[in-house]
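Reading the structure
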Amino acid sequence: MGKLMSWTMLFIITSFGYVTCIDGIHPTSSECLPAQNSSMDTIYKSNRRTLLDSLAKNVPLQNGFFNTSVGNGSDRVYGLAWCRADVSPKTCGKCLNDTITASLTSCPESKSLVTYLSLCSLGFSNDSFFGELWDSSSSSSNGGDNFDDPLVFSKGFSMMQSLIGNVSSQPLMFEMGVVDVGSDGKRYGLGQCRRDISKLDCEKCLEDLLTTYNKFVLNQTWWDMRAMSCGLWYDHVRFYQDDFRENRDDSEVSNPIPSGGEKWYKGDMTLVFVAFLVLHWI
């Protein structure tokens, strides 16, 4: 029996812990892959929980990126997560814990899942995807009714285009940028990729985001574009610290922690968009 990967996108709107699954415009709660048998389901769920515990612990301690796998054979689960490079380990951990809790509450039977938020991204699957570019889905948000002068926006957008070329060459696969736009102040940007993908895939991911969403963010004072493998952030106010590396508490960075059973905590989650990719078997 072979297997066919059919990626079905589900958007999840999460606000203060409440989750609603949406497939297109129709609410659904049946798109999570059902267990093939109870024994396999129990083992896989246990491995998945162990893996997610490990990610939640280790990502904040490893400069915001960690990948691992748990289990053997058909019960093996692969996962990775990353946080935006400018956030603190504490903020990174909270984002991941909140995301894990909300996602598994909504789709507890899911064998394959990917989420990407403004501050953190996470994915797991029963097939290895390490080093692969996930470009099946993406999302963008913007400042709504807050518009810049087109000439100001053009300068800021050009800065972001230039920034893309520098992201992949950085040790942690992220780069910050700033441009002076005269009397309107400055515009700030940040680009980042998953550290397990190639430089070529990193640039492709970022360029695809700009190409896909450039019309949707036209003349906006702030916007972001997010996918599982990369992200771009832009604002008219400085949203990161230029010296955050120096301010990072080195005591919070250590060697990976073995997978364990630490419980997740729930926290308030502002409105986020989560994309689920469900793997169907035949």
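Residues numbered from 1 in each chain as written. Predicted model: local features only at pLDDT ≥ 70, side-chain atom pairs only at ≥ 80, totals over all residues. Heavy atoms only, no water.

**Observations regarding the nonpolar core**
Cut-off, in case you're wondering: Here the nonpolar core consists of buried residues drawn from Ala, Val, Leu, Ile, Met, Phe, Trp, Tyr and Cys, with membership extended through side-chain atoms lying within 4.5 Å. Accessibility here uses a 1.4 Å probe with only protein chains present; expressed as a share of the type maximum, an area under 20% marks a residue as buried, one over 50% as exposed, and anything in between as partly exposed. The helix count covers DSSP runs of H or I at least four residues long, the strand count covers runs of E at least two residues long, and both are numbered beginning at the N terminus. For this analysis, residues touch if any pair of their heavy atoms sits within 4.5 Å.
Core analysis: the biggest nonpolar cluster contains 27 residues, and C193, L206, W223, M225 and L232 have the highest contact counts within it. Taken together, the elements giving at least two residues each to this core come down to α3 (150-167), α4 (199-213), β11 (223-227) and β12 (230-235). Examining the composition of this core, we find that 8 residues originate from one element, α3, more than from any other. Non-local contacts of M225, meaning those with residues more than four positions away in its chain, are made with S139, S140, L209, L210, Y213, N214, V217, C230, G231 and L232. Within the second largest apolar cluster, 22 residues are counted, among which are L55, V77, C92 and F124.

**Some words on the pattern of salt bridges**
Oppositely charged side chains are able to pair whenever their charged atoms sit close together. The condition is simple: Between Lys or Arg on one side and Asp or Glu on the other, a salt bridge is scored when a side-chain nitrogen of the former is within 4 Å of a carboxyl oxygen of the latter.
The tally for this structure, following the rule as stated, stands at 10 salt bridges. In this structure, D86 and R84 form a salt bridge, with 2.7 Å as the shortest nitrogen-oxygen distance. Where salt bridges share partners, they join D41, K45 and E109 into one cluster.

**A closer look at α4**
Here is the rule we go by: In a helix, the anticipated span is given by 1.5 Å times the number of residues less one. Think of the arc as the fan of directions from the helix axis to the C-beta atoms.
Relative to the 21 Å expected for 15 residues at 1.5 Å per residue, α4 spans 22 Å between its end C-alpha atoms, a close match to the ideal helical length. All of the buried residues in α4 are C202, C205, L206, L209, L210 and Y213. Angular distribution of buried residues about the axis of α4 spans 130°; they occupy a single face of the element. Residues of α4 that are exposed and point over 90 degrees away from its buried face: L200 and T211. Each element contacted by the buried residues of α4 is listed here: β8 (138-142), α3, β10 (186-193), β11 and β12.

**Observations regarding the packing of aromatic side chains**
Quick reminder of the rule: The pairing test for Phe, Tyr and Trp rings, Trp by its six-membered ring, is centres within 6.5 Å, and the orientation test on the planes gives stacked under 30 degrees, edge-to-face over 60, and tilted for anything in between.
In this structure the tally under the stated criterion is 9 aromatic pairs. A ring pair is formed by F153 and F157, whose centres lie 5.5 Å apart and whose planes are at 25°; its orientation type is stacked. With a gap of 4 residues between them, F153 and F157 both fall in helix α3, about one helical turn apart. Summarising the burial analysis for this pair, F153 and F157 share the class buried. With centroids separated by 6.1 Å and ring planes inclined at 80°, the aromatic side chains of Y188 and Y240 adopt a geometry described as edge-to-face.

**Re the sheet that holds β10**
As a reminder of what qualifies: By the convention used here, strands pair only if DSSP detects at least 2 bridges between them. Angular values range over 0 to 180 degrees, each being the angle between N-to-C directions of two axes fitted as lines to C-alpha atoms, with helices fitted over their stretch in contact.
If you walk across this open sheet you meet the 5 strands as β8-β11-β12-β10-β9, and the pairing is antiparallel. Each end of this open sheet is capped by a strand with a single partner; those strands are β8 and β9 (174-180). Neighbour-to-neighbour, the strand axes of this sheet turn through a mean angle of 10°, independent of strand direction. Note: β9 against β10, 7 bridges, orientation antiparallel. Its bridge partner being in β10, V178 is matched across the sheet by Y188. Sitting on the sheet, α3 touches β9, β10, β11 and β12, and the angle it makes with β10 is about 30°.

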